[in-house]
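Descriptive structure summary
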Amino acid sequence: MALSVDSALHRWRRLGARSPAQSLSESTPLLFSVRDKPKLNLNKWRIVFPNNGRQWKDWKQASTFYSGNRIQTTKYTWFTFLPQNLFEQFHRLGNLYFFFLVVLNLFPRVEVFHREITMLPLIVVLFASMIKDAVEEYRKYQFDKTINFSKTRVYDKEEHAYVERCWKDVRVGDFVQLQCNETIPADILLLYSSDQNGICHLETANLDGETNLKQRQVMMGFSSQNTFFEPEFFQSTIICEVPNNDLNKFKGYMEQPNHERVGFNIESLLLRGCTIRNTEVAIGIVIYAGHETKAMLNNNGPRYKRSKIERRINMDIFLCVGLLFVMCLVGAIGHGIWTGNFSEHPSYDVPDENGNFLSPVLAGFYMFLTMIILLQVLIPISLYVSIELVKLGQIFLIHNDIDLYDEEADLTIQCRALNITEDLGQIQYIFSDKTGTLTENKMVFRRCTVDGIEFSHQENAKRLETHKELDLADEDFAKLQRFTLPPTNIERPATYKQRTMRPLRRCQSARAHFQGHTRNRSLGRRDSNQSQVAFSSTIEKDVTPDNRLLRRVREAALQTETLSSFIHTKTSTTLTDFFLALAICNTVLVSTATEPRQRVTVPPSIKPSGITLEKIHQMFQRLKLASLSQSFSSSQSSSDLGASFSAKNTEEHLAALDCCDNDDVCCASSRGDEFQGKCSTDIGSASLDEVFKSVTSSSLPTDFCYEAESPDEAALVYAAQAYNFTLVSRTPEQVTVRLPQGTLMTFNILYTLGFDSVRKRMSVVVRHPLTKEIVVYTKGADSVIMDLLEDSAKDDISAEKRMKRIKEKTQKHLDCYARDGLRTLCIAKKVLNEDDFQKWANFRREAEAAIDNRDELLMETAQHLETKLTLLGATGIEDRLQDGVPDAIAALREAGIQIWVLTGDKQETAVNIAYSCKLLNQRDTLFTINTANKETCESLLNLTLEEVRKNYEVEKPQRKFFGIIPTSFSASEAPSPEFGLVIDGQTLNVIFQGGLEEKFLALTKHCRSVLCCRSTPLQKSMVVKLVRRQLKVMTLSIGDGANDVSMIQAADVGIGISGQEGMQAVMASDFAISRFKHLKKLLLVHGHWCYARLAKMVIYFFYKNVSYVNLLFWYQFFCGFSGSTMIDYWQMIFFNLLFTSTPPLLFGVLDRDVSADTLLALPELYKNGQNSEIYKPSTFIITMLDAFYQSLICFFVPYLTYKDSDIDVFSFGNPINTISLLTILLHQALEMKTWTLFQLVTMIGSVVFYLVFSLIYNAACVVCNPPTNPYWIMEKQLSDPTFYLLCLITPVIALLPRFFIFALRGTFGASLILKAQQLDKLPKEQKDLEIQKLRLRKQTTSGAPVASSASNDDLDQNASHLCASPFLHPAAAAGSHGDTESQGLSASEVNPPRKRTPEEGYYFFNRWAEEEYTATDSSTRPCSGHYPLVPSRVTTPGQDGGKLTKDNAKNFNHGSHQRSASAVTL
Amino acid sequence: MKNNTSFLPQEGQARPSRCPDNSAFKQQKLPGWKPQLTVATVLSSFFLTGAFCLSVGVCLILSTNSVREIQIDYSDKCSGCSKLRENSSNWNKECHCSVNFTLKEDILGDVFMYYGLQNFYQNHRRYVISRSDAQLLGQNVNIQKSSCAPFTTYRNGTPMAPCGAIANSMFNDTIDLFYNLNSSVIQVPLLRTGNSWWTDKNVKFRNPKSYNLSSAFAGTARPPYWQKPVYLLDEEDERNNGYINDDFIIWMRVSAFATFRNLYRRVSRIRQFADGLPAGNYTFHISYNFPVTKFKGRKHVILSTVVWSGGNNPFLGIAYVVSGTAATLTGFVITAVHLKLRKKKTYFQK
């Protein structure tokens, strides 16, 4: 036995000890020969032996090195809690300070209080923190316990069966059997799945919040699929990476007994915490357990940040330390002098125990220390504790705000960082991501271009419009319901449901299906109508097909019917291919409405291929009949028919191309209509329609649901479905598509090359079932795909020309789409011949088995395949703006916050989104800087800066001269042309590397908004850091995706949008909200409140401590600086701890200086926090002075009253204590803006508590507190009228100045906050009116235009024309002028105040990226005379707007300008 | 830590919606009173405060004015004695002196006799703590542990009773008041008891339990500065002897300031003195024991009456009057400002 163990150990060691040198030196691990084992290093690799009968010895050895599955998130154990906790607590500076005081107090010479008394604060603080920690620990412990004792089924080698075990007993190497809906206990390598394809479905909601199903697959080549998996026969060793926290990467291989290696990756790993779905049984071997699982390694604690106020506090505490030092010094020197005055020691100067006296200097020194103890409260340590408590309260309230609750996602705001609430009220810059943050990230198929022909999908656009309205109506309804119904069960009105094409929505059925199970969390989400990630909303699902395209598709379908005759026109196949690619080239999961989550894997009833052909024939027969019998006039044979179609098609096609060439209007919808007309008359579509209808209705009437990893994939599949290319089922091997003809076509998937952000594309390799060709369908970003297209067909010139033309056309359309704010994707295909494919497949297989640089190899193989593509077409997907975004942005901007958009998207898309969300105004001048050259960049920056500055100078006199502008309400209304800056990632790089940051920032300071396009995550964070550091401003980043993480972390406040693109952004954020619009309330209301509350509370705390401690200090002047106190120690300690602690805390949590409504209505109130108006150095000093004044009053009024009387020390202290309590509380009462019952009760309660406590304490204690025995003092005082007289007059005198200043401030009516407070008192209507007035006045004075909703409206109207209008080339402008004119007029009808004349509208210089334009069109340079130095320069709209505008230059009027842009591109 | 929760195996019933309660508290919509500084409230508060303070102040000043007080500094009037006391070795030598004074008018009502000390820092930190309350409560405690040091025991170990610097430095002049009526000298009857707080006398200070006082204090010694042991403080009145001697109790209540007075005697209102002290010539006979020259102090003897608002210190009344005036004036200022600004547009009107 021992021997065998030894040998096992030896073997294991041998495996482990081998150095990795060899494997590292190998350039490609693909060349591993089987015999030449790689040498393994345990630091680099993990070796897992299975825990079964055969290999348990190895397992036993190995498993001791790996942590078990027990998790322990607690920091301490029962025994180490006390010492360890204390140790940690003494790391805090405050506690050390207390400790220092306690130690100091141990020396009798300097002792002031009893030791217990000095220790009390320390003990209280330590104890409180300890209890907090202990409770937290206990909860964690309980939680761990629940998890550790959850049950799972583990293979037991003795019983040869799966037995139930606790999670904690699961070891690395164990075989675990999981059933449907079970949670995975550890990171498990999937070895068997009951699914016939070896697939296991996971829901990773626990991990990343995504509810869609993810597939995991039994590792390739490990095929025991058909037989039930038997652990005993498993003899392989698994070698994989050491534990790491990358959730998306995992690699390793399995070494089988015959030394064969099978590679596996993350696709085979079941992650701890996920849930098995749709799979009956899955078996796997545990790879990582417990804390080594990826989920646990990803599990970070909450973040700790220091807020701006806290930084200020720390500064002020240093001031307090300085003050303390000065005061102690005064005491020390005073005492020294006082002692030195005596030639002989008087009887009240008590010697020490040995009867010796100290020298004055030494006495002074000791007195210094004594004074530190005495005046310790000056350093408001309690402040830190209070701040933490207050912030907890604030977070509680923020968390519970119903306005920040998102019904759809059933999510409230998450506050992850607990201590930066008040930073929300001081934000000056917002950096926002675009996709998913400003937009919904709900992708809607909008339009497409196939083979160079644009299909504008007008009907679809209309549908989207109506949907928008519907959404709004729906929202109102939801709002109504919110208060009447529990929100989870809101059923949408039936009428609405009926309106959508497919009434039976996924959500309802999903609920029914899963009621028996435990789908609680995701259920809540799914209930709501617009459901999340996995389940597309109706708006995404229903694509109204473009008639023209639909017709073409049908024609094409007819042609494919006639495959037998192989009339193979380009267009038809391109169309078919295009939609096939849309349907196939993705990783969408299919499920049906009736059986959600039961994936459709086998197409029901009809078997592919064989029957398909029959079916085609059948259908074709029917078609023929139908055509003949009805209006189809021609009696040609079917093949002829196809031919004629194709001929027509090509003709049309060419015609379209020519048209496009002629006038550069790429989205000529009117022409499209013409075509339609032509087509319909020629073809007689009615019959066709009928045929198709009958066909489609006959087969597979089910409604499919698509679950996609990214929403645009689903959008494309739905789009394909709209054209009757329905994705019916999908397995890793096969994908079935129902063609328009109704036939089912099943493609064998040979490879799927997934999407990654480097390649920016994905591909599927399929074998065409009919032609047996191997086809690669690729879908990706246009910039990438366009470069990968086949250069030119060598064979014939016309085809080459045609290809080139198509490419150009498509590119043009793509640019259009981008300008339209659409997301573009290019679809391309490639046909491979068998040999090439086999070659490539081998290469690929090797890459898959590689371990070392597998990712690079895979990438390489992918890139190898994706070349020489043939362009099929492109799609434009609309990413709709989230609702409330323009409103929120307008409000935030009015609040004085600069908003920047940092996006990875294209410039055009970003600019358009910026316009539509009111980030840019139509009247703004837009500067664009795109350059890769440092010098040009610098000169451009200089130039732009100069321009901007000039404009600012020009503006001022203009205001005087053009006093009367008819457009607007008051005099000074020439709205200064605001500036927008658009900059791309490349330029940013130049700026960062070339040290141009300062110029850049100087420019941006003048700009209304800044857009950074095409920026990488790193650049995003660099921009944020740059602004934050250089401008010293408070920044906030908001984003939703993994690419925003670095930016979120770089900013002072990071906000994640939850629910759209996984949880990375949320994990990195301080606050997680579900919609952008919530930011408005979060900042304007909660931010303002939190800031105001906390700032006031902090100042109050400083005041409180200083004013109280100073009482003791003043007394030193009357007791020979001997460190005496006149207040009983306990009453003194409790003063801070009990009597005056609750009101400020409550004040910090509950006070509302201005009501939420007013704060939202007057965003300008936010500037209060932005400028730190409540807590700034001057306020601090004023408060300190006030504290000194008040303490002087509180001390000297009683002093003068009792002077020369027979008052004793503590009878003198008692009224002082009482008076200062009253003063301090009344001071608070003056500060408090809202008195609710809570405040009233605590306020009165504090006084009552003080009195009761004092009475009891003074009556109960005869000897308990020896030197300062306060026996019966309070009682005696209460029977003395002088006491009452004092208590009345002193607070009055103390607070009179403050009250006076408050009154004056109110009288002079300066601050907006005060006005807002006054507004709050008005009744609703009057308040609205006043707010309106106030805003008007603000507008006129500041000139900051509040973007009217009208501008947004006419933008929407523009949307359909957008390609034609705003970014026009000067040459093209003439052509489309009529269009814009009518546009402008119609808009002016809608909105009289913003009247504009056509002459003044839309002059544009577009020198975007397309260099060729600048090369060919000299017309863009007519006006360079103005700035001869620079070839392409900034153009101010109107002034030098070229020939077209020169005529109108005299009428030029800034105020009435349309959107204008100056672009500088080099 | 946070997302730990999500690893809980999802079992059990469906989780309720996470929608927050729509309660007034959680939505921060609690009804609240928002105090507003409007013209009306501000002005009324200023004027009301002013009026109130003025009236109270006037009452106080009037009542303080009715207090009669006479204060006689006798620290130099017995110059021989003060010289004698400078040398502490003369502690057991007696020294007497008398101080004459004339009352121009009667002092009616209860007349209190105080002794006053100047520059005697009874509130010194080390002095204040130098006592043992437990000992004074008659408990047999180990005073070594108390803060009495160095006045705890003599070198031979005999504990001091009472211990501590306060007790040790007790004021030990005796002052008698004589009324010179037509060359006959009548001793003004003075009450030695009832001058201290009732609770002090009956609760806080207790003599050790024994059959008589001297046995109770057996084994202890008087403090070094004392001339006689504690059980001989008042030989005439058993209930005013030992720790519960009124003079002692009053001394032990340490004074708040360096200049202070302590109640010494009250004039017993009998015979000629039934209405107080009649006008005439008086003499203080002082047994001068307490040295003050060491700390440049002075000693006074004070005769005074009291009213409901205290002694003759007019400060409180003045404070009321001044602040009342200030409040009223401020009120006028604000009225002026208000009237001036009301015409301007910028001033936001209620």
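Nothing here was measured: the structure is a model prediction, and the numbers come from that model. (Residues numbered from 1 in each chain as written. Chains lettered and ligands numbered in written order. Predicted model: local features only at pLDDT ≥ 70, side-chain atom pairs only at ≥ 80, totals over all residues. Heavy atoms only, no water.)

**Some remarks on the overall build of chain B**
We apply this condition: The helix and strand labels rest on DSSP assignments: H or I over at least four residues marks a helix, E over at least two residues marks a strand, and numbering proceeds from the N terminus. It is over C-alpha atoms that the radius of gyration is taken, and the globule rule equals 2.2 Å times the number of residues to the power 0.38. Summary of the burial criterion: residues with accessible area below 20% of their type's maximum are buried, those above 50% are exposed, and those between are partly exposed, where the area comes from a 1.4 Å probe applied to protein chains only. Only heavy atoms matter for contacts: two residues are in contact if any of them lie within 4.5 Å across the pair. Only the protein chains shown count as cover for residues, and all accessible areas are computed by the Shrake-Rupley method using a 1.4 Å probe. Only four residue types enter the tally: Lys and Arg on the positive side, Asp and Glu on the negative side, with His and both chain ends excluded. Think of each charge as sitting on NZ of Lys, CZ of Arg, CG of Asp or CD of Glu.
In terms of regular secondary structure, chain B is built from nine helices and 11 strands. A globule of 350 residues ought to have a C-alpha radius of gyration of about 20 Å, yet chain B, at 32 Å, is considerably larger. Its C-alpha atoms give chain B principal-axis dimensions of about 90 × 70 × 35 Å. Going through the 350 residues of chain B one by one, you find that 51% of them count as buried. The contacts in chain B between residues at least 6 apart in sequence include a share of 79% that link residues at least 24 apart. Entry remark: accessible area of chain B is about 16,500 Å², with carbon and sulfur atoms responsible for 56%. Averaged over its 41 positive side-chain charges, chain B has a centre that lies 16 Å from the centre of its 22 negative ones.

**A few points about the UniProt feature "transmembrane region" (unreviewed entry) in chain B**
All names here are of chain B. Which entries qualify depends on this criterion: UniProt positions are given in the numbering used here, feature names are shortened, and annotations may be inferred rather than shown by experiment.
As recorded in UniProt, the feature "transmembrane region" (unreviewed entry) lies at residues 37-63 and 315-339. Strand forms 0% of residues 37-63 and helix 93%; the C-alpha atoms that close the span are 36 Å apart. The span residues 315-339 is 100% helical and 0% strand by assignment, and the distance between its end C-alpha atoms comes to 36 Å.

**Some remarks on the packing of helix H42 (residues 1209-1231) of chain A against helix H45 (residues 1281-1308) of chain A**
Residue and element names in this part refer to chain A. In plain terms, the rule: Here, axes are lines fitted to C-alpha atoms. For helices the fit covers the stretch in contact, and angles between N-to-C directions go from 0 to 180 degrees. For classification purposes, an angle smaller than 35 degrees is called roughly parallel, one larger than 145 roughly antiparallel, one from 65 to 115 roughly perpendicular, and anything else oblique. In this scheme, a crossing is called left-handed if the near helix is turned counterclockwise away from the far one by less than a right angle; it is called right-handed if the turn is clockwise. Charged residues are taken to be Asp, Glu, Lys and Arg, nonpolar residues to be Ala, Val, Leu, Ile, Met, Phe, Trp, Tyr, Cys and Pro, and polar residues to be all remaining types, Gly included.
In the contact formed by H42 and H45, the axes pass within 9 Å of each other and the chain directions differ by 30°. In terms of orientation, H42 lies roughly parallel with respect to H45. As H42 packs across H45, the resulting crossing turns out to be right-handed. When H42 is examined against H45, the residues Asn1214, Pro1215, Thr1218, Ile1219, Leu1222, Thr1223, Leu1226, His1227, Leu1230 and Glu1231 are found in contact with a partner set consisting of Phe1283, Leu1286, Cys1287, Thr1290, Pro1291, Ala1294, Leu1295, Arg1298, Phe1299 and Phe1302. In terms of residue class, the contact of H42 with H45 is built from 13 nonpolar, five polar and two charged.

**Examining the state of the cysteines**
Rules: By convention in this document, the label disulfide applies to cysteine sulfur atom pairs within 2.5 Å.
Per the stated rule, a full pass over the model turns up two disulfides over all chains. A sulfur-sulfur separation of 1.6 Å characterises the disulfide bridge that pairs B:Cys81 with B:Cys95. Between B:Cys81 and B:Cys95 the sulfur-sulfur dihedral comes to about -85°; the bridge is accordingly left-handed. Of this pair, B:Cys81 sits in helix H2 (residues 79-86) while B:Cys95 sits in the loop between H2 and strand E2 (96-103), and the two are 14 residues apart along the sequence. By relative accessible area, B:Cys81 is classed as buried at 3%. A sulfur-sulfur separation of 1.9 Å characterises the disulfide bridge that pairs B:Cys148 with B:Cys163. Here B:Cys148 is found in the loop between helix H4 (133-136) and helix H5 (165-168), whereas its partner B:Cys163 is found in the loop between H4 and H5, with 15 residues between them in sequence. The residues B:Cys148 and B:Cys163 share a single accessibility class, namely buried. A:Cys240 takes part in no disulfide bond, and the closest cysteine sulfur to it belongs to A:Cys274, at a distance of 17 Å.

**Quick word on the sheet that holds strand E24 (residues 774-780) of chain A**
All names here are of chain A. Short version of the rule: At least two DSSP bridges between two strands are needed for those strands to be called paired.
Ordered by their spatial adjacency, nine strands build an open sheet running E17-E16-E26-E25-E24-E23-E22-E21-E20, and the pairing between neighbours is antiparallel. Pairing within the sheet leaves two strands with one partner each, and these edge strands are strand E17 (453-455) and strand E20 (726-730). Each strand axis lies, on average, 30° off the axis of its neighbour in the sheet, ignoring direction.

**Regarding the interface of chain B and chain A**
Short version of the rule: Summed over both partners, the accessible area (1.4 Å probe) lost when two parts come together is defined as the buried area. The salt bridge definition used is simple: a Lys or Arg side-chain nitrogen within 4 Å of an Asp or Glu carboxyl oxygen. Between N or O atoms, a polar contact is any pair within 3.5 Å; within protein, one atom must be a potential hydrogen donor and the other a potential acceptor, and residues adjacent in sequence are included only when both atoms are from side chains.
On the side of chain A, 128 residues touch chain B, which itself brings 100 residues to the contact. When chain B packs against chain A, close to 10,200 Å² is buried across both sides, 63% of that on carbon and sulfur atoms. A salt bridge links B:Arg253 to A:Asp1208; the shortest N-O distance between them is 3.0 Å. Joining chain B to chain A, the criterion identifies 24 residue pairs in polar contact (both at pLDDT 80 or more). Elements that contribute at least two residues to the side of chain B that touches chain A include exactly helix H1 (39-65), helix H3 (125-128), H4, helix H6 (198-204), strand E8 (260-267) and helix H9 (315-342) of chain B.

**Thoughts on unusual backbone geometry**
Phi is mostly negative for residues that are not glycine, and the peptide bonds are mostly trans. Cis geometry is adopted by the peptide bond preceding B:Pro150, which originates at B:Ala149 and carries an omega value of 0°. Assignment of secondary structure puts B:Pro150 in the loop between H4 and H5. Cis rather than trans, the peptide bond between B:Ala161 and B:Pro162 has omega equal to -10°. Within the fold, B:Pro162 resides in the loop between H4 and H5. Its identity as a non-glycine residue notwithstanding, A:Lys868 has a phi of 50°, on the positive side. Mapped onto the secondary structure, A:Lys868 falls in the loop between helix H27 (854-865) and strand E26 (870-881). Positive phi, close to 50°, is recorded for B:Arg271, a residue that is not glycine. Examined against the element boundaries, B:Arg271 turns out to sit in the loop between E8 and strand E9 (276-277). With relative accessibility at 58%, the residue B:Arg271 sits in the exposed group.

**A few points about a nonpolar patch on the surface**
Residues and elements named next belong to chain A. The condition is simple: Patches were defined on residues exceeding 30% relative accessible area and lacking a salt bridge, with like-charge contacts within 9 Å and nonpolar side-chain contacts (Val, Leu, Ile, Met, Phe, Trp, Tyr) within 5 Å.
A contiguous nonpolar patch, built from Phe325, Val326, Leu329, Val330, Ile333, Ile337 and Phe1117 and spanning about 620 Å² of accessible area, is present on the exposed surface. The topology assignment puts phenylalanine 1117 in the loop between helix H36 (1078-1116) and helix H37 (1129-1139). You can call phenylalanine 1117 partly exposed: its relative accessible area is 39%.

**Observations concerning the pairing of E24(A)**
Residue and element names in this part refer to chain A. Burial analysis of E24 places seven of its seven residues in the buried class, the great majority of the element. On E24, burial covers both faces: Ile774, Val776, Thr778 and Gly780 on one face and Val775, Tyr777 and Lys779 on the other are all buried. The turn joining strand E23 (residues 761-767) and E24, which pair antiparallel and follow one another in sequence, is formed by six residues; a positive phi near 60° is taken by lysine 772. Note that E24 and strand E25 (residues 822-832) share seven bridges and pair antiparallel.

**Quick word on the nonpolar core**
Put simply, the test is: To define a nonpolar core, start from buried Ala, Val, Leu, Ile, Met, Phe, Trp, Tyr and Cys residues and group those joined through side-chain atoms within 4.5 Å.
A:Phe1212, B:Trp251, B:Leu277 and B:Phe284 are the most contacted members of the largest nonpolar core, which has 188 residues in total. Sequence-distant contacts of B:Leu277, defined by excluding residues within four places in its chain, comprise B:Leu103, B:Asp106, B:Ile107, B:Val111, B:Leu177, B:Val188, B:Val267, B:Tyr282 and B:Leu303. Counting 53 residues, the second largest nonpolar core, distinct from the first, contains A:Val543, A:Ala556, A:Cys585 and A:Ile877.

**Side note on the packing of H1(B) against H9(B)**
Residues and elements named next belong to chain B. Between H1 and H9, whose axes approach to 7 Å, the crossing angle comes to 155°. In terms of orientation, H1 and H9 fall into the roughly antiparallel class. H9 is crossed by H1, and the crossing has left-handed handedness. Considered class by class, the residues forming the contact of H1 with H9 number 19 nonpolar, 12 polar and no charged.

**Re the pattern of salt bridges**
If charged atoms from side chains of opposite charge come close, those side chains can pair. With the rule as written, the count across this model stands at 40 salt bridges over all chains. A salt bridge links B:Arg261 to B:Glu69, with the shortest nitrogen-to-oxygen separation between them at 3.1 Å. Residue B:Arg261 is found in strand E8, and its partner B:Glu69 is found in strand E1 (residues 69-73); the two are separated by 192 residues along the sequence. A cluster of three or more residues bridged by salt bridges with shared partners is formed by A:Glu310, A:Lys391 and A:Glu422.

**With respect to the packing of aromatic side chains**
Keep this limit in mind: In summary, the pairing rule links any two rings of Phe, Tyr or Trp, Trp by its six-membered ring, whose centres are within 6.5 Å, and it sorts them by plane angle into stacked for under 30 degrees, edge-to-face for over 60 and tilted for everything else. Cation placement over rings: the criterion is NZ of Lys or CZ of Arg within 6 Å of the ring centroid and within 35° of the ring normal.
The tally for this structure, following the rule as stated, stands at 87 aromatic pairs over all chains. Considering the side-chain rings of A:Tyr138 and A:Tyr141, the 6.3 Å spacing of their centres and the 35° angle between planes classify their relative orientation as tilted. Separated by three residues within a single helix, A:Tyr138 and A:Tyr141 lie in helix H6 (residues 115-148), roughly one turn from each other. Exposure remark for A:Tyr141: the relative accessible area of 35% places this residue in the partly exposed category. The interplanar angle of 40° and the centroid separation of 5.7 Å between the aromatic rings of A:Tyr1100 and A:Tyr1103 together place this pair among those described as tilted. Taken together, the residues span about one helical turn, with A:Tyr1100 and A:Tyr1103 both in helix H36 at a distance of three residues. You'll find A:Tyr1100 and A:Tyr1103 in the same group, each marked buried. In this structure, A:Arg312 is placed above the aromatic ring of A:Tyr1175, and the distance from its NZ or CZ to the ring centre is 5.8 Å. Looking at B:Arg265, its charged tip hangs above the ring of B:Tyr264, at a distance of 3.9 Å from the centre.

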